[in-house]
Amino acid sequence: MIGERREAILELIIDYYIKTGEPLGSKNLCAMLPYTISSATIRNEMAFLTSMGFLEQRHTSGGRVPTKKAYRYFVDNMLSSEALSQYEMQKIDEVLSINASDPERLLSSACSLLSEATGCAAFCSSVQDKYDCVQGIELIPAGNNKVMLVMLTLGGKIKSSVCTVNCPVDEEFRQLFYKVAKQRFIGTPLSDIDLSFIQSSAPLLGLRVFDMLPIFSSLCSLCAEAAKGSLSLSGETKLLSQSELGSSVYNLLVFLAQKEKLEYLLTEFAKSKMKSALFIGDENPVYELRNTVMAVQKFTYNNNQTATLGIIGSLRINYRKVLPLVDYIMKTVSVYLKEGGIRYE
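Read on for an overview of the structure. (Residues numbered from 1 in each chain as written. Predicted model: local features only at pLDDT ≥ 70, side-chain atom pairs only at ≥ 80, totals over all residues. Heavy atoms only, no water.)

**Concerning the sheet that holds strand β8 (residues 276-280)**
Line of reasoning, step 1. One open sheet accounts for five strands, arranged β7-β3-β10-β9-β8; its pairing is antiparallel. In this open sheet, the two edge strands, each paired with only one partner strand, are β7 (230-234) and β8. Between one strand axis and the next, the sheet turns by 15° as a mean value, whatever way the strands run.
Line of reasoning, step 2. When β8 meets strand β9 (residues 292-301), the two strands line up antiparallel, connected through five bridges. By the bridge assignment, phenylalanine 279 is partnered in β9 with methionine 294. (Pairing = 2+ DSSP bridges. Helix = DSSP H or I, 4+ residues; strand = E, 2+ residues; numbered from the N terminus. Axes fitted to C-alpha atoms, helices over the stretch in contact; angles between N-to-C directions.)

Here it is as structure tokens:
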């Protein structure tokens, strides 16, 4: 701890810089303190905070601005969060409840909501699960020789596609499809279902093999899509308005567009024992993110499905407002994932 007076000075400098983006000098700082103190004493305290790595002076005659170390100290020791209003919590609940029973759509909705609510870029990712398998398959006639194929995995993923067939989808067709689906696909790991697996199922189709082929080929594609991990981003361009990122914002946007490094980082985080983390500045293991704040949380749901959700913003985010918003959205998502869309108050 650095002492009560130094904390008060540091807090004022951080709040001022977050609000204005401008350095704060000793004269203005004197007027902002709730008690009388000389400018000389203020300068001495600011010099001490600078020597401790909490402040930096970018210009000789300018005031001080907080460092990455200062933000970490602020969050850990001085942060008094702004409580969310009943209206804010209600709106978050309403938005997330729409897709509460569909994990993928829920996470995607939460990602968009995080970006909108915080003004940061947001992300959600699902981690590849080699044990996930087909739980159910539905074939729905759609007219004009078209059918909708809907596939549900044990991990709660729902995938669908529309197929065109060259014959009527009558009762005989449907019975044969469900017979083969039950024998060959239900309970089979997604990663095992490929074109060779489809070909090995051909003898069960008999003379209807060519009629059925478009549907089972589509099912193969759905399984391949569901088997992969995924990464979605929202609000990346919001980073352009965060002027303190300077020229580094372009490297950051390229990093986000390429996705590979971020996807690897989130996969490694999902494998770790951590459930949530707030990386400030150089704490982030990825170079491109070392001028940012990154909040991330891990979720485990259904049959050990794993996903991450979080934000990336500048060091000047409004911690008092943003962190409670992130926390409430994360808790709401967690409840819906655990309860399968039913929230118990």
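That covers the picture; the talk isn't over yet.
**Observations regarding unusual backbone geometry**
Note: most residues except glycine have negative phi, and most peptide bonds are trans.
Line of reasoning, step 1. We note that asparagine 144 has phi near 55°; this positive angle belongs to a residue other than glycine.
Line of reasoning, step 2. Among the residues examined, asparagine 144 registers a relative accessible area of 75% and is labelled exposed.
Line of reasoning, step 3. Residues other than glycine seldom take positive phi values, yet asparagine 145 does so here, at roughly 60°.
Line of reasoning, step 4. Assignment of secondary structure puts asparagine 145 in the loop between β4 (134-143) and β5 (146-153).
Line of reasoning, step 5. By relative accessible area, asparagine 145 is classed as partly exposed at 38%. (Buried < 20%, exposed > 50% of the residue type's maximum accessible area, 1.4 Å probe, protein only.)

**Brief notes about the nonpolar core**
Line of reasoning, step 1. Leu10, Leu96, Leu309, Tyr319 and Val333 are the most contacted members of the largest nonpolar core, which totals 60 residues.
Line of reasoning, step 2. Broken down by element, this core gets its largest block of residues, eleven residues, from helix α13 (residues 319-339).
Line of reasoning, step 3. Discounting chain neighbours no more than four positions away, the residues touching leucine 10 are Ile2, Leu49, Phe54, Leu55, Ala70, Tyr73 and Met78.
Line of reasoning, step 4. With 30 residues, the next largest nonpolar core counts Cys163, Cys167, Val209 and Leu219 among its residues. (Core = buried A, V, L, I, M, F, W, Y, C linked by side-chain atoms within 4.5 Å. Contact = heavy atoms within 4.5 Å.)

**A look at the packing of aromatic side chains**
Line of reasoning, step 1. Tallied over the entire structure, the rule returns seven aromatic pairs.
Line of reasoning, step 2. With centroids separated by 5.2 Å and ring planes inclined at 65°, the aromatic side chains of phenylalanine 54 and tyrosine 73 adopt a geometry described as edge-to-face. Taken together, the residues span a long stretch of sequence, with phenylalanine 54 in the loop between α3 (39-51) and β1 (55-56) and tyrosine 73 in helix α4 (residues 68-78) at a distance of 19 residues.
Line of reasoning, step 3. For phenylalanine 54, a relative accessible area of 4% gives the class buried.
Line of reasoning, step 4. Accessibility expressed as a relative area gives 10% for tyrosine 73, which makes it buried.
Line of reasoning, step 5. Among the aromatic residues, those joined into a cluster by ring pairs are Phe177, Tyr178, Phe185, Phe197 and Phe216.
Line of reasoning, step 6. When the ring centre of phenylalanine 197 is taken as origin, the NZ or CZ atom of arginine 184, which lies over that ring, is 4.3 Å away.
Line of reasoning, step 7. Positioned above the aromatic ring of tyrosine 17 is the side chain of arginine 316, whose terminal nitrogen or guanidinium carbon lies 5.5 Å from the ring centre. (Phe/Tyr/Trp six-rings, centres within 6.5 Å; stacked < 30°, edge-to-face > 60°. Lys NZ or Arg CZ within 6 Å of the ring centre and 35° of its normal.)

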